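# Observations on the three-dimensional arrangement
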Amino acid sequence: EDQVTQSPEALRLQEGESSSLNCSYTVSGLRGLFWYRQDPGKGPEFLFTLYSAGEEKEKERLKATLTKKESFLHITAPKPEDSATYLCAVQAGYQLIWGAGTKLIIKP
Amino acid sequence: DAGVIQSPRHEVTEMGQEVTLRCKPISGHNSLFWYRQTMMRGLELLIYFNNNVPIDDSGMPEDRFSAKMPNASFSTLKIQPSEPRDSAVYFCASRRTSGGETDTQYFGPGTRLTVL
């Protein structure tokens, strides 16, 4: 069964304290792994797509990596404005299978 | 680009009333998705359209829910009659269906529905 599991459920960091969010997946025939950011009261905002193991993508303080079983979203020297829920999803056919998200809180 | 547009942004209604949610996808996108998001169940796919044709409606909770896409620039999700358990945030997302980078779904701001 296709499944996506994100950990931790919530993460509190001090401003400048780097860390990583995990997305573990089981899917037959990965066509892509997606990271989104969701702020309260808004729709998910696209961040990255990763297609194959070993691929990495960066955007500002965020870096996403992919292996055959999991993806990491590394956040370097985060700022309070990075606080949000980060969602991971894998494409299975035309559908996205979604994780439950990690709520990231960055304290100033 | 204006992005995916949804209306209304907030809807409060009483149990038994009909509710219609509206979505305008990104111009040039040929796939459209309706999702429901709750704290308990996260994001759930309700229905998927490709080229205005419903491809998969297996996520539609029951017959009270219906969706249409009369043309490439407009879709509706209707709930009749509404029930308190339908309270959630409903998202519309669109995508240009082809391989590679264009598989990304882009989401609208959502409609927060409260059924009293």
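Before any of the text, the structure's been laid out above.
Residues numbered from 1 in each chain as written. Chains lettered and ligands numbered in written order. Predicted model: local features only at pLDDT ≥ 70, side-chain atom pairs only at ≥ 80, totals over all residues. Heavy atoms only, no water.

### A few points about the packing of aromatic side chains
Taken as a whole, this structure holds 10 aromatic pairs over all chains when the rule is applied. With 5.2 Å between their ring centres and 50 degrees between their planes, A:Tyr36 and A:Trp98 make a pair best called tilted. One end of the pair, A:Tyr36, is in strand β4 (residues 33-38); the other, A:Trp98, is in strand β10 (residues 95-98), and 62 residues separate them in sequence. Relative accessible area serves as the criterion here: at 0%, A:Tyr36 is assigned to the buried category. Judged by relative accessible area, A:Trp98 falls into the buried class, the value being 12%. Aromatic pair A:Trp98 and B:Phe107: ring centres 5.7 Å apart, planes at 80 degrees, arrangement edge-to-face. Remark: B:Phe107 occurs in strand β10 (residues 106-107) and A:Trp98 occurs in strand β10; the pair is interchain, linking two chains. Per residue, the accessibility class of A:Trp98 equals that of B:Phe107, and both read buried. Ring pairs connect the aromatic residues A:Tyr36, A:Phe46, A:Trp98, B:Phe33, B:Tyr35, B:Tyr48, B:Phe91, B:Tyr106 and B:Phe107, which therefore count as one cluster. (Phe/Tyr/Trp six-rings, centres within 6.5 Å; stacked < 30°, edge-to-face > 60°. Helix = DSSP H or I, 4+ residues; strand = E, 2+ residues; numbered from the N terminus. Buried < 20%, exposed > 50% of the residue type's maximum accessible area, 1.4 Å probe, protein only.)

### Overview of the interface of chain B and chain A
Taken together, the contact pairs 19 residues of chain B with 18 residues of chain A. Buried area between chain B and chain A, both sides added, is near 1,500 Å², and the carbon and sulfur share of it is 50%. Counting across the interface, chain B meets chain A through 0 salt bridges. Between chain B and chain A we count 3 residue pairs in polar contact (both at pLDDT 80 or more) in total. Contributions of two or more residues to the side of chain B that touches chain A are made by β4 (31-38), β5 (42-50), β9 (88-95) and β10 of chain B. Across the side of chain B that touches chain A, the residue classes tally to 9 nonpolar, 5 polar and 5 charged. (Contact = heavy atoms within 4.5 Å. Buried area = accessible area lost by both parts, 1.4 Å probe. Salt bridge = Lys/Arg side-chain N within 4 Å of Asp/Glu carboxyl O. Polar contact = N/O pair within 3.5 Å; in protein donor to acceptor, adjacent residues only side chain to side chain. Nonpolar A, V, L, I, M, F, W, Y, C, P; charged D, E, K, R; others polar.)

### Notes on the sheet that holds strand β1 (residues 3-7) of chain A
Residues and elements named next belong to chain A. Pairing in this open sheet of 5 strands is antiparallel, and the strands run β1-β3-β8-β7-β6 from one edge to the other. Since the sheet does not close on itself, it has two edges, and those belong to β1 and β6 (56-59), each with one partner. Ignoring which end each strand starts from, the neighbouring axes of this sheet average 15 degrees apart. Note that β6 and strand β7 (residues 62-66) share 4 bridges and pair antiparallel. Following the sheet pairing, Glu56 is matched in β7 by Thr65. (Pairing = 2+ DSSP bridges. Axes fitted to C-alpha atoms, helices over the stretch in contact; angles between N-to-C directions.)

### Remarks on the pairing of strand β2 (residues 10-14) of chain A
Residues and elements named next belong to chain A. Every second residue of β2 is oriented toward a common face, the buried set being Leu11 and Leu13 and the non-buried set Ala10, Arg12 and Gln14. Across 5 bridges, β2 lies against strand β11 (residues 102-107) in parallel orientation. In the sheet register, Ala10 faces β11, and the bridge partner there is Lys103.

### With respect to the state of the cysteines
One pass over the full model with this rule turns up 2 disulfides over all chains. For A:Cys23, the disulfide goes to A:Cys88, at an S-S distance of 1.9 Å. Between A:Cys23 and A:Cys88, the S-S torsion sits near -60 degrees, and that sign places the bridge as left-handed. One end of the pair, A:Cys23, is in strand β3 (residues 19-26); the other, A:Cys88, is in strand β9 (residues 84-92), and 65 residues separate them in sequence. Each member of the pair, A:Cys23 as well as A:Cys88, is classed as buried. The side chain of B:Cys23 participates in a disulfide bridge whose partner is B:Cys92; the two sulfur atoms lie 1.9 Å from each other. The S-S bond linking B:Cys23 to B:Cys92 shows a torsion near -65 degrees; that makes this disulfide left-handed. A residue pair is termed long-range when its members are at least 10 positions apart, and B:Cys23 in strand β3 (residues 19-24) and B:Cys92 in strand β9 qualify at 69 residues. For B:Cys92, a relative accessible area of 0% puts it in the buried group. (Disulfide = S-S within 2.5 Å.)

### Side note on the nonpolar core
Ranked by size, the top nonpolar core spans 24 residues in total, and within it A:Leu33, A:Trp35, A:Leu73 and A:Tyr86 carry the most contacts. Listed by contribution, the elements that provide at least two residues to this core are β2, β3, β4, β5 (45-50), β7, β8 (70-75), β9 and β11 of chain A. A per-element tally of this core places β9(A) first, with 5 residues. In this structure A:Tyr86 touches A:Gln6, A:Leu21, A:Trp35, A:Tyr36, A:Arg37, A:Leu47, A:Leu62, A:Leu73, A:Gly101, A:Thr102 and A:Leu104, once residues within four positions along its chain are discounted. B:Val19, B:Met60, B:Ala67 and B:Leu113 belong to the second-largest nonpolar core, a separate cluster that totals 21 residues. (Core = buried A, V, L, I, M, F, W, Y, C linked by side-chain atoms within 4.5 Å.)

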